[in-house]
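Next come the chains, spelled out residue by residue.
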Amino acid sequence: MADIKDKNINDLTDKQARLDLARLAMEITYHDKCYHGNDAPVITDAIYDGLQRRNSAIEEKFPNFIRKNSPSKKIGAAIKTGFGKVSHKKPMLSLANAFNRDDVVDFLSSIRKFLNFNPNDNLEIIAEPKIDGLSASIRYVNRKLHIAATRGDGMIGEDITNNILTISDIPKTLPDDAPDIVEIRGEIYMAREDFLALNKKQTEFGKKIFANPRNAAAGSLRQLDANITASRNLKFFGYALGETSISFANSIGAMRQKFANWGFKLNNPAKICHNIDEIISYYNHIDQIRSDLPFDIDGVVYKVNSINLQNRLGMITKTPRWAKAHKFEAEQAETTLNNIIIQVGRTGAMTPVANLEAINVGGVIVSRASLHNEDEIIRKDIREGDRVIIKRAGDVIPQVVEVVFSKRPDNSKAYIFPKNCPQCGADRIREDGDAIWRCSGDLACPAQAIEKLKHFVSKAAFNMEGLGAKQIEAFLKDGLIKTPADIFKLHDHYNNICNRDGWGKKSTDNLIKSIEDKCDITLDRFIYALGIRHIGQSTAKLLAKNYISIDGFLLKTNEAYNDISSDAYETLINIDQIGATVAKDLLNFLGEEHNKIVINDLLIHLKIAPYIIKELQSPITGKIIVFTGTLQTTSRSEAKAKAEEFGAKVSNSVSKKTDYVVVGKDAGSKAKKAINLGINILSEEDWHNLISIDLPNI
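Cut-offs and rules
Residues numbered from 1 in each chain as written. Predicted model: local features only at pLDDT ≥ 70, side-chain atom pairs only at ≥ 80, totals over all residues. Heavy atoms only, no water. Helix = DSSP H or I, 4+ residues; strand = E, 2+ residues; numbered from the N terminus. Rg over C-alpha atoms; globule rule 2.2 N^0.38 Å. Buried < 20%, exposed > 50% of the residue type's maximum accessible area, 1.4 Å probe, protein only. Contact = heavy atoms within 4.5 Å. Areas by Shrake-Rupley, 256 points an atom, 1.4 Å probe, with all protein chains shown as cover. Lys, Arg positive; Asp, Glu negative; His and termini not counted. Charge placed at Lys NZ, Arg CZ, Asp CG, Glu CD. Salt bridge = Lys/Arg side-chain N within 4 Å of Asp/Glu carboxyl O. Phe/Tyr/Trp six-rings, centres within 6.5 Å; stacked < 30°, edge-to-face > 60°. Axes fitted to C-alpha atoms, helices over the stretch in contact; angles between N-to-C directions. Parallel < 35°, antiparallel > 145°, perpendicular 65-115°, else oblique. Left-handed = near helix turned anticlockwise from the far one by under 90°. Pairing = 2+ DSSP bridges. Patch = residues over 30% accessible without salt bridge, like charges linked within 9 Å, V, L, I, M, F, W, Y side chains within 5 Å. Expected span 1.5 Å × (residues − 1). Arc of directions from axis to C-beta.

Asker: Explain the overall build of the chain residue by residue, including any values.
Answerer: For the chain, the helix and strand inventory stands at 25 helices and 26 strands. Relative to the globule expectation of 26 Å for 698 residues, the C-alpha radius of gyration of the chain, 28 Å, shows essentially globular dimensions. In terms of overall dimensions, the chain has C-alpha extents of about 80 × 70 × 60 Å along its principal axes. In the chain, which comprises 698 residues, the share counted as buried stands at 49%. Taking the intrachain contacts of the chain between residues at least 6 apart in sequence as the baseline, contacts between residues at least 24 apart amount to 69%. Counting every atom, the chain has about 33800 Å² of accessible surface; 50% of that belongs to carbon and sulfur. The averaged location of the 89 negative side-chain charges in the chain is 3 Å from the averaged location of its 94 positive side-chain charges.

Asker: Can you tell me about the pattern of salt bridges, naming the residues and giving the values?
Answerer: Using the criterion set out here, one finds 40 salt bridges in the structure. As a salt-bridge pair, R387 and E334 come within 3.1 Å of each other at their nearest N and O atoms. Taken together, the residues R387 in strand 17 (residues 387–392) and E334 in strand 14 (residues 331–344) connect sequence positions 53 residues apart. For E334, a relative accessible area of 25% puts it in the partly exposed group. Measuring nitrogen to oxygen at the nearest pair gives 3.0 Å for the salt bridge that ties E376 to R379. Within this pair, E376 and its partner R379 are both found in helix 11 (residues 374–380), separated by three residues, close to a single helical turn. Here R379 falls in the exposed class, since its relative accessible area comes to 60%. Connected through salt bridges with shared partners, the residues D20, R23, E27 and R54 form a single ionic network.

Asker: Pulling in residues and values, what's your account of the packing of aromatic side chains?
Answerer: Inspection of the entire model under this criterion finds 17 aromatic pairs. A ring pair is formed by F259 and F264, whose centres lie 6.0 Å apart and whose planes are at 55°; its orientation type is tilted. Judged by its relative accessible area of 0%, F259 is buried. Ring plane angle 45° and centroid distance 5.6 Å describe the contact between Y283 and F328, whose orientation is recorded as tilted. Taken together, the positions of Y283 in helix 9 (residues 276–289) and F328 in the loop between strand 13 (323–327) and strand 14 put the pair 45 residues apart, joining distant regions of the chain. We classify Y283 as buried; its relative accessible area is 9%. Three or more aromatic residues link up through ring pairs in this structure, and these residues are Y140, F236, F248, F259, W262 and F264.

Asker: Hey, could you go over the packing of helix 12 (residues 446–456) against helix 13 (residues 469–477) for me, with residue numbers and the actual values?
Answerer: Here helix 12 crosses helix 13 at 130°, and the two axes come no closer than 10 Å. Between helix 12 and helix 13, the crossing angle belongs to the class labelled oblique. Here helix 12 and helix 13 pass one another in a crossing that is right-handed. Every residue of helix 13 that contacts helix 12 at A449, I450, L453 and K454 is listed here: A469, I472, E473 and L476.

Asker: Go over the sheet that holds strand 4 (residues 134–141) with me, naming the residues and quoting the values.
Answerer: Taken together, four strands build an open sheet; the order of strands is 5-4-7-8 and the sheet is antiparallel. For this open sheet the edge positions go to strand 5 (144–150) and strand 8 (235–244), each flanked by a neighbour on one side alone. Going across the sheet, the axis of each strand differs from the next one's by a mean of 30°, ignoring polarity. Where strand 7 (residues 181–189) and strand 8 come together, seven bridges link them in antiparallel fashion. Opposite I188, over in strand 8, you have F236 as the bridge partner. Docked against the sheet, helix 8 (residues 252–261) engages strand 7 and strand 8, running at close to 120° with respect to strand 8.

Asker: How would you summarise the pairing of strand 3 (residues 125–131) if you had to cite specific residues and measurements?
Answerer: Most of strand 3 is tucked away: six of the seven residues are buried. Pairing of strand 3 with strand 9 (residues 271–273) involves three bridges; the strand directions are antiparallel. Across the sheet, the residue bridging to I125 is C273, located in strand 9.

Asker: Tell me about the pairing of strand 17, and please be specific about residues and values.
Answerer: Extensive coverage of strand 17 is indicated by the burial of five of its six residues. With six bridges joining them, strand 14 and strand 17 adopt antiparallel strand pairing. Bridge pairing in strand 17 places E331 opposite R392.

Asker: Summarise a nonpolar patch on the surface; cite the residues concerned and give the values.
Answerer: A grouping of L93, M155, I156 and M315 is seen on the molecular surface, where their side chains present a nonpolar patch of about 340 Å² in accessible area. Considering the arrangement of structural elements, one finds I156 in strand 6 (residues 156–158). When its relative accessible area of 40% is taken as the criterion, I156 is described as partly exposed.

Asker: Can you tell me about helix 5 (residues 192–204), naming the residues and giving the values?
Answerer: With 13 residues, helix 5 extends 19 Å between its outermost C-alpha atoms, agreeing within 8% with the 18 Å of an ideal straight helix rising 1.5 Å per residue. Listed as buried for helix 5 are D194, F195, L198, N199 and Q202. Along the axis of helix 5, the buried positions cluster into a sector of 135°, meaning they face one direction only. Opposite its buried face, helix 5 presents the exposed residues E193, L196, K200, T203 and E204, each directed more than 90 degrees away. Residues of helix 5 that are buried sit in contact with helix 6 (213–221) and strand 8. Backbone geometry just downstream of helix 5 places G206 in the positive-phi region, at approximately 75°.

Read these as layout, nothing more, since geometry by itself doesn't imply function.
Following this line, the structure appears as structure tokens:
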């Protein structure tokens with residue numbers, strides 16, 4: 001029988017969950033003391049992160065068992081109470097990851113497409129080693145070091161100024177050619193030889209040694225006594241720019257040179273590449289020499305060299321379009337695939353999951369892996385009882401890479417995908433072009449009902465604390481809730497909840513208060529919480545932006561549902577990124593009588609705030625824009641992104657509601673329709689003049 005610490009969280013009993021949380025609290029507290037108190041962690045970051053992730057996952061499933069001394073109530077280095085908080089003027093956000101050549105090809109292609117580059121247009125990519133250290137930001141005011149901070153959560157970091165002042169790699173003042181305000185970002189690290197010397201010293205004094213240079217650097221930096229930090233010989237590479245009062249470089253290469261002139265060390269060897277072959281050649285070279293470098297790295301970072309192009313490319317939610325981290329090959333392990341189960345999600349998706357013999361992959365115990373869909377199982381010929389290779393790349397879900405056919409049992413049989421939903425027995429369905437089989441049972445399927453309610457209370461939706469997956473399942477099973485609106489009536493079952501195992505007056509009061517606090521919600525979060533297929537967070541925001549209020553949203557979508565020839569339907573399908581497929585799922589959901597009842601019941605309890613347009617006010621704020629023809633100075637994607645940035649609504653077709661039609665080369669029927677309707681037609685030059693943007697130099 002598997003040890004509790006290796007058991008799948010979904011299979012834990014209440015008693016086992018309590019025991020494992022107690023174990024995790026004790027282990028994590030011990031490792032925190034080693035890391036923050038003694039500067040001598042005894043496990044790797046990956047294993048420590050695995051403990052934290054397991055603790056959080058168990059608490060999410062069993063929120064009533066959260067301990068008073070839970071590690072989740074401690075915020076990283078907040079164990080050291082002497083550090084103040086620093087708000088970053090520009091967020092310190094993360095990079096998206098690439099794991100193979102195809103990912104890098106897609107990265108380059110997406111950049112070229114967005115910028116409307118021809119195959120022969122020069123695109124410089126600067127490649128740099130990805131330092132395995134601790135991110136930090138150094139802010140200078142009037143060329144004097146003013147404040148330094150850790151990355152923290154990207155928005156707020158810790159004030160480490162006193163400790164930063166002990167690092168000789170970091171200039172205390174900048175030359176006269178530096179801006180009045182400039183924020184240099186980079187990585188604090190410990191060189192390998194200094195790491196070995198530190199561990200030797202730790203051993204001599206009978207102290208526990210550090211696991212790796214990154215742990216040593218992090219522990220050394222988070223010292224309340226700056227003298228300890230000073231004794232650790234930390235170093236710093238400057239490679240990125242935060243806020244600056246004036247622009248002083250037009251490329252990353254020029255910026256790096258300026259940093260060097262100001263006295264910063266650079267994360268070399270870096271190289272400017274012009275195509276995929278040069279990029280991959282650099283990656284392979286760095287991978288080969290990584291052991292010879294004096295510092296630890298865990299991959300390579302690619303950035304568009306031109307800062308002007310970076311500004312044009314902008315961001316995708318929390319990551320820049322213009323940069324990508326190419327991680328070194330993921331760790332793999334071999335284990336046994338015991339059996340395959342089918343999980344049914346809130347949209348009816350029937351996803352095959354491999355139950356594995358638990359194994360450690362990159363410091364994390366893995367006992368399940370996604371098999372994606374039936375086609376993937378057939379393509380890889382995956383069978384129950386097979387020995388398989390498992391891979392974890394970054395934080396992605398573990399996956400089965402391949403079968404070890406030489407170890408396949410003699411009695412092996414091909415896996416047959418079920419023809420009916422394993423939860424409710426309903427027939428499976430699969431739309432044309434879709435790789436996923438879906439249960440046709442909808443809300444009659446208990447798995448879908450449960451998952452829809454879990455989605456409703458999830459963090460990105462109503463974010464109801466104390467109402468996790470286990471509570472949803474229990475309340476649904478016992479008839480306390482059936483629909484989302486029932487959640488807001490749980491106060492009627494106060495005594496029932498109070499007397500349940502694991503509950504009590506305080507936890508019940510906290511739950512009721514959490515529910516009451518969530519009765520006010522924004523329109524986009526409400527739309528997302530409904531769990532409509534194809535309506536994710538970004539699409540929900542897009543709908544909220546176009547309909548503004550809940551009344552407008554329900555009124556216009558009802559008109560569109562009742563008459564597909566109406567202006568309301570045309571407006572819906574022509575919202576950029578919506579289209580007929582998304583509109584079909586949205587209208588079918590809102591038009592279904594049961595869902596209408598659910599929404600009306602919710603409106604009795606909720607106050608849904610109108611969507612507030614926060615974009616920059618401009619001549620096109622609130623205007624409806626249509627782009628047609630081939631644009632010459634920019635791609636259509638970039639033009640749309642810029643229009644939305646300036647507060648406009650982008651549509652796919654021309655109607656009497658359209659304010660401007662921007663025409664490119666070979667504009668066709670949309671331009672003709674605009675002329676017939678008397679709508680303002682803009683050339684590309686007119687468009688750029690309207691929003692006061694200089695034509696790009698390519």
